[in-house]
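# Descriptive analysis of the structure
Chain residues, written in single-letter form:
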Amino acid sequence: MFNVLIVDDEVEINELIEVYLKSDGYNILKAYNGEDALKIVNEQKVDLIILDVMMPKINGFDVCMKIRKDYNIPIIMVSAKSQDIDKIQGLSLGADDYITKPFNPLELSARVKAQIRRRYYLDRDAKEKDDNVIEIKGISINKEKHKVYLYGEQLKLTPKEYDILLLLCSNPGKVFNAEDIFKSVWKEKYFEANNTVMVHIWRLREKIEEDAKNPKILETVWGVGYKIEN
């Protein structure tokens, strides 16, 4: 079952959307401001977000921008702002669709189905056909072409950085210690005092993380090793 997060400070609209989407078989999560929405996204599995623009604390544009830094969740923006410039702004910040108030709940329901189908069925089928591409946490690795992209921007990695990233991304959630990584990438005997892996991990983080000191992609499991979660 897909989890849909509805974010709107108007209780009536929030509940109206819930009624229609529940009848379509979705599990509904609700938030009434941007702060709560970000908390839910960080703590729970969310498959699609319906996001109001005009909200207290953090507006929908800012919420969309923050979510896009870490997640590739489909976002449908809902707003009373009907000017083209507002739609352009929402879509340029990472929204997948934009619908204006007042809206027909059936139309919104159809748009939700379209986004779910596109993201979780069509994209999945395409990925299954292309075994040469690994996509995780905004990273896309084309093994055949030996190229790496982060949110669509190509990264310049050294061969060893590429091999480390490929190893971790090919095994999402698995923790590799420094010895595992060294033996797999360098294919040489590992010595305890060898900090080669640590240095390469740091350089790799400088290229893929927004803040290398507080990594959200290439995580450290203290006392154990490194991993990249799916």
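Remember, predicted model here, so these are calculated numbers, not experimental data.

## A word on the packing of aromatic side chains
By the definition in use, this model includes 2 aromatic pairs. Between phenylalanine 182 and tryptophan 186, the ring centres sit 5.1 Å apart and the planes meet at 10 degrees, which makes this aromatic pair stacked. Judged by relative accessible area, tryptophan 186 falls into the buried class, the value being 15%. An aromatic cluster of at least three residues, connected via ring pairs, comprises Phe182, Trp186 and Tyr190.

## Here we look at the side chain of aspartate 52
Structurally, the position occupied by aspartate 52 is in strand S3 (residues 48-52). Taking the relative accessible area as the measure of exposure, aspartate 52 reaches 3% and is therefore buried. In this structure the side chain of aspartate 52 is engaged in a polar contact, spanning 3.3 Å, whose partner is the side chain of lysine 101. The residues contacting aspartate 52, other than those within four sequence positions of it, are Val7, Asp8, Asp9, Gly60, Val78, Ser79 and Lys101.

## Digging into the packing of helix H6 (residues 159-169) against helix H8 (residues 196-208)
Viewed as axis vectors pointing N to C, H6 and H8 meet at an angle of 80 degrees, and their least axial separation amounts to 10 Å. When the axis of H6 is compared with that of H8, the two are roughly perpendicular. Residues Lys160, Glu161, Ile164 and Leu165 of H6 pack against His200, Ile201, Arg203, Leu204, Lys207 and Ile208 of H8. Residues belonging to the contact of H6 with H8 are distributed by class as follows: 5 nonpolar, 1 polar and 4 charged.

## Observations regarding unusual backbone geometry
Negative phi is the rule for most residues except glycine; trans is the rule for most peptide bonds. Following lysine 101, the chain continues into proline 102 via a peptide bond in cis, with omega recorded as -10 degrees. Along the chain, proline 102 falls in the loop between strand S5 (97-100) and helix H5 (105-129). Unusually for a residue other than glycine, lysine 137 sits at a positive phi of about 50 degrees. When you line up the elements, lysine 137 lands in the loop between strand S6 (133-136) and strand S7 (139-142). Its relative accessible area of 27% is what places lysine 137 among the partly exposed residues.

## Observations regarding the pattern of salt bridges
Applying the stated criterion to the full structure yields 16 salt bridges. The partner of glutamate 18 in a salt bridge is lysine 22, and the shortest N-O contact between them spans 3.4 Å. Here the residue glutamate 18 and the residue lysine 22 both occupy positions in helix H1 (residues 11-23), the gap between them amounting to 4 residues, near one helical turn. Between lysine 30 and glutamate 18 there is a salt bridge whose closest N-O contact spans 2.9 Å. In this pair, lysine 30 is assigned in strand S2 (residues 27-31) and glutamate 18 in helix H1, connecting sequence segments 12 residues apart. Take glutamate 18: its relative accessible area is 14%, and that puts it in the buried class. Several salt bridges share partner residues, and in doing so they unite Asp8, Glu10, Asp52 and Lys101 into one network.

Conventions and cut-offs
- Position numbers for residues count from 1 along each chain, tracking the sequence in the order it is written.
- Only residues with pLDDT of 70 or above have their local features reported here, since the model is predicted, and side-chain atom pairs are shown and tallied only from 80 upward, although totals for entire chains, interfaces and linings are computed over all residues.
- Calculation of side-chain values draws on the structure's entire complement of heavy atoms; hydrogens and water are dropped beforehand.
- Think of it this way: a Phe, Tyr or Trp ring, Trp meaning its six-membered ring, pairs with another when their centres are within 6.5 Å, and the plane angle makes it stacked under 30 degrees, edge-to-face over 60, tilted otherwise.
- Any residue under 20% of the maximum accessible area for its type is buried, any over 50% is exposed, and the rest in between are partly exposed; the area is computed with a 1.4 Å probe on protein chains only.
- By the criteria applied, helices consist of DSSP H or I runs no shorter than four residues and strands consist of E runs no shorter than two, each listed in order from the N terminus.
- In the analysis that follows, any N or O atom pair within 3.5 Å is treated as a polar contact, provided that within protein one partner can donate a hydrogen and the other can accept it, and provided that, for residues neighboring in sequence, both atoms belong to side chains.
- Two residues form a contact once any of their heavy atoms are found within 4.5 Å.
- Lines are fitted to the C-alpha atoms to define the axes, a helix being fitted only along its stretch in contact, and any angle between axes, read from their N-to-C directions, falls within 0 to 180 degrees.
- Angular relationships are summarised with four words: roughly parallel below 35 degrees, roughly antiparallel beyond 145, roughly perpendicular across 65 to 115, and oblique for the angles in between.
- Amino acids outside the nonpolar list (Ala, Val, Leu, Ile, Met, Phe, Trp, Tyr, Cys, Pro) and the charged list (Asp, Glu, Lys, Arg) are all regarded as polar, and Gly is one of them.
- Salt bridges are identified by distance alone: a Lys or Arg side-chain nitrogen within 4 Å of an Asp or Glu carboxyl oxygen.

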